[in-house]
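# Structural overview for review
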Amino acid sequence: MAEGWRWFTEGRLGLFIHWGPYACIGRGEQVLFREHMEQKAYADMACAWNPRFYDPRLWAATARDAGFRYACLTTRHHDGFCLWDTATTDYSSARQAAQRDFVADYVAAFRAEGLRVGLYYSLMDWRIPAYFEPPDRDPAAWAAMRDYIHAQVRELLTRYGRIDYLFFDGLWPRTTEDIAGRELLQMIRELQPDIIVNDRLGTPAGETLPLGDVGTPEHHITVTGKLWESCQVTTWRLWGYAAGERWRSPAQWLDMLGQCAAMGGNLLLNVGPDGEGRLPAAFLDGAGELGRWMRLHGEAIRGEGGGNLTEFTTWGWQTVRGNRLYLIFRFWPGTTSMRLPDLESTVLAADLITTGQPLSIDQQPGELHLGNLPIERPTSLFPVIRLTCAESPRAGQWGRERLWGGDPARVAEWARTRGESVWRDGASTTSTEGAHHD
Ligand code: GLC
């Protein structure tokens, strides 16, 4: 992996920010489309948009305290309204009521807090019918459309210093050839050599892999190549601000983060600030809780590589960093000891990061017993135990292989190695003892 990308895998947690004039309506970022609004009524609303409380320094401080290491702001969503001072159109926050380049303020504020800076850009523009028609229908109009996109991306990458991440969206129903995706990507790399580009620029005809560097599974957590990031809402459905939204709990946010880290990927967790530019109270509460957890337990999340070394589904997630194995408990044992099977490496020390207390170790071949655990769950979020091993942690065969799935002959082998007594007590017709059972 390119050295310049290490911040991405190291950081693991990014903040997605969906913000635009749609936030004033409070029914998500796609309200124009989903509710079949009149373009004119929407545009009037967008041009009058003048948020009173947009202060990205507050957003950035909140993000940093919550443990986010980078952010990604919607510079333009499918409604086509631009949040920066573009020379390509007057349909922007800079040329309408707000008279402000929101992107400039965002980039400066997040950079000042030491966060990496990402920009989201929608290729699709709902205002322009030509985007949805085959380009050969009016090649000149299409070429103008394509140039408009390239010019906007160029502006975003030349006006604000270093940009770390570019998140495209909304290519459908166009192809990468239609938008000259290859040329676009080449321009991006020339302008910002270390940038990471997501995988939504389409797959060139005849190829199997999409352009770009990072997979972006949306609303689900799936390994999609070497570098991937799941984007998820902190609510239940919409990305843009929704007034009557239901929120996921911080434990659910953390669950997603733990799963991504265990599977070797990132989490881009979303917030939709309201029309005035305020982060919703429920988000601020959750971010506070997440931050308290991250300050103590962040080392279990940060860093390249995944985990899930042994079968740990009964408890939660595992991650590996160097010689350490982290056990992230979604479910706390509730007993003073626990048994962890299948770890082969010698464990030198174990401690409960949550309270700082050392745990006792009793290691036998193929199983580790940890003692001195508090019966009460030591945090309402996820407690973490850190195991320091003599080497990079390794699991034995049954820890590595998941038994459900694949060749059932493996299960037969597994069952056989469980030992003689099971065999005799079971339903085997060759067992004489078994025959006496009932
Ligand atoms: C989608 C949606 C959009 C959202 C995005 C986030 O494709 O169209 O509203 O911004 O994904 O990944």
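Preceding this paragraph is the structure being described.
This write-up is about the structure you can find in this document. All of these numbers come straight from a predicted model, not from anything done at the bench.

Bringing the overall build of the chain into the picture now. Counting its secondary structure elements, the chain contains 13 helices and 15 strands. Taken along its principal axes, the extent of the C-alpha atoms in the chain is 85 × 50 × 45 Å. Here the chain holds 438 residues, and the buried ones make up 53% of them. Across the chain, contacts joining residues at least 24 apart in sequence account for 69% of those joining residues at least 6 apart. Across the chain, the mean location of the 45 positive side-chain charges is 3 Å away from that of the 55 negative side-chain charges.

Moving on to the packing of aromatic side chains. This model, assessed by the stated rule, comprises 28 aromatic pairs. Between the aromatic rings of Trp19 and Trp59, the centroid separation amounts to 5.2 Å while the plane-to-plane angle is 85 degrees, which identifies the pairing as edge-to-face. Note that Trp19 is positioned in the loop between strand 1 (13-17) and helix 2 (31-34) and Trp59 in helix 4 (residues 56-66), a separation of 40 residues in sequence. The class of Trp19 is buried, set by a relative accessible area of 1%. Taking relative accessible area as the criterion, Trp59 reaches 2% and is therefore assigned buried. One aromatic cluster is present, built from ring pairs that chain together Trp7, Phe8, Phe16, Tyr70, Tyr120, Tyr165, Phe167 and Trp239. The ring of Trp142 has Arg174 lying over it, and the distance from NZ or CZ to the ring centre is 5.5 Å.

It is worth spelling out the side chain of Arg174 at this point. Among the secondary structure elements, Arg174 is positioned in the loop between strand 4 (165-169) and helix 7 (181-191). Residue Arg174 is classed as buried on the basis of its relative accessible area, which comes to 12%. Looking at Arg174, its side chain comes within polar contact range of the main-chain oxygen of Tyr131, at 2.6 Å. In contact with Arg174, not counting residues within four places along its chain, are Tyr131, Phe132, Glu133, Pro134, Pro135 and Trp142.

Another aspect to go through is helix 6 (residues 139-158). Across its 20 residues, helix 6 extends 28 Å between first and last C-alpha, which sits within 8% of the 28 Å expected from 1.5 Å per residue. Every buried residue belonging to helix 6 is among Trp142, Met145, Tyr148, Ile149, His150, Gln152, Val153, Glu155, Leu156 and Leu157, and all of these are buried. On its buried face, helix 6 sits against strand 2 (70-76), helix 5 (102-112), strand 3 (116-122), strand 4 and helix 7.

On to the site of the ligand. Near the ligand you find Phe16, His18, Glu29, Gln30, His77, His78, Tyr120, Asp169, Arg200, Glu218, Cys231 and Trp239, and these make up its full shell. Within the side chain of His78, an N or O atom sits 2.9 Å from an oxygen atom of the ligand. One of the side-chain nitrogen or oxygen atoms of Glu218 is found 2.8 Å away from an oxygen atom of the ligand. Classifying every residue of the shell around the ligand by side-chain character gives 4 nonpolar, 4 polar and 4 charged.

In this section: unusual backbone geometry. The residue after Trp172, namely Pro173, is reached through a cis peptide bond having omega 5 degrees. Position of Pro173 among the secondary structure elements: in the loop between strand 4 and helix 7. Not every positive phi belongs to a glycine, and Arg12 is a case in point at roughly 70 degrees. Mapped onto the fold, Arg12 is located in the loop between helix 1 (6-11) and strand 1. Despite not being glycine, Asn372 shows a phi value in the positive range, around 75 degrees. For Asn372, a relative accessible area of 47% corresponds to the partly exposed category.

Quick notes on the rules
- Residues numbered from 1 in each chain as written.
- Predicted model: local features only at pLDDT ≥ 70, side-chain atom pairs only at ≥ 80, totals over all residues.
- Heavy atoms only, no water.
- Helix = DSSP H or I, 4+ residues; strand = E, 2+ residues; numbered from the N terminus.
- Buried < 20%, exposed > 50% of the residue type's maximum accessible area, 1.4 Å probe, protein only.
- Contact = heavy atoms within 4.5 Å.
- Lys, Arg positive; Asp, Glu negative; His and termini not counted.
- Charge placed at Lys NZ, Arg CZ, Asp CG, Glu CD.
- Phe/Tyr/Trp six-rings, centres within 6.5 Å; stacked < 30°, edge-to-face > 60°.
- Lys NZ or Arg CZ within 6 Å of the ring centre and 35° of its normal.
- Polar contact = N/O pair within 3.5 Å; in protein donor to acceptor, adjacent residues only side chain to side chain.
- Expected span 1.5 Å × (residues − 1).
- Near = heavy atom within 4 Å.
- Nonpolar A, V, L, I, M, F, W, Y, C, P; charged D, E, K, R; others polar.

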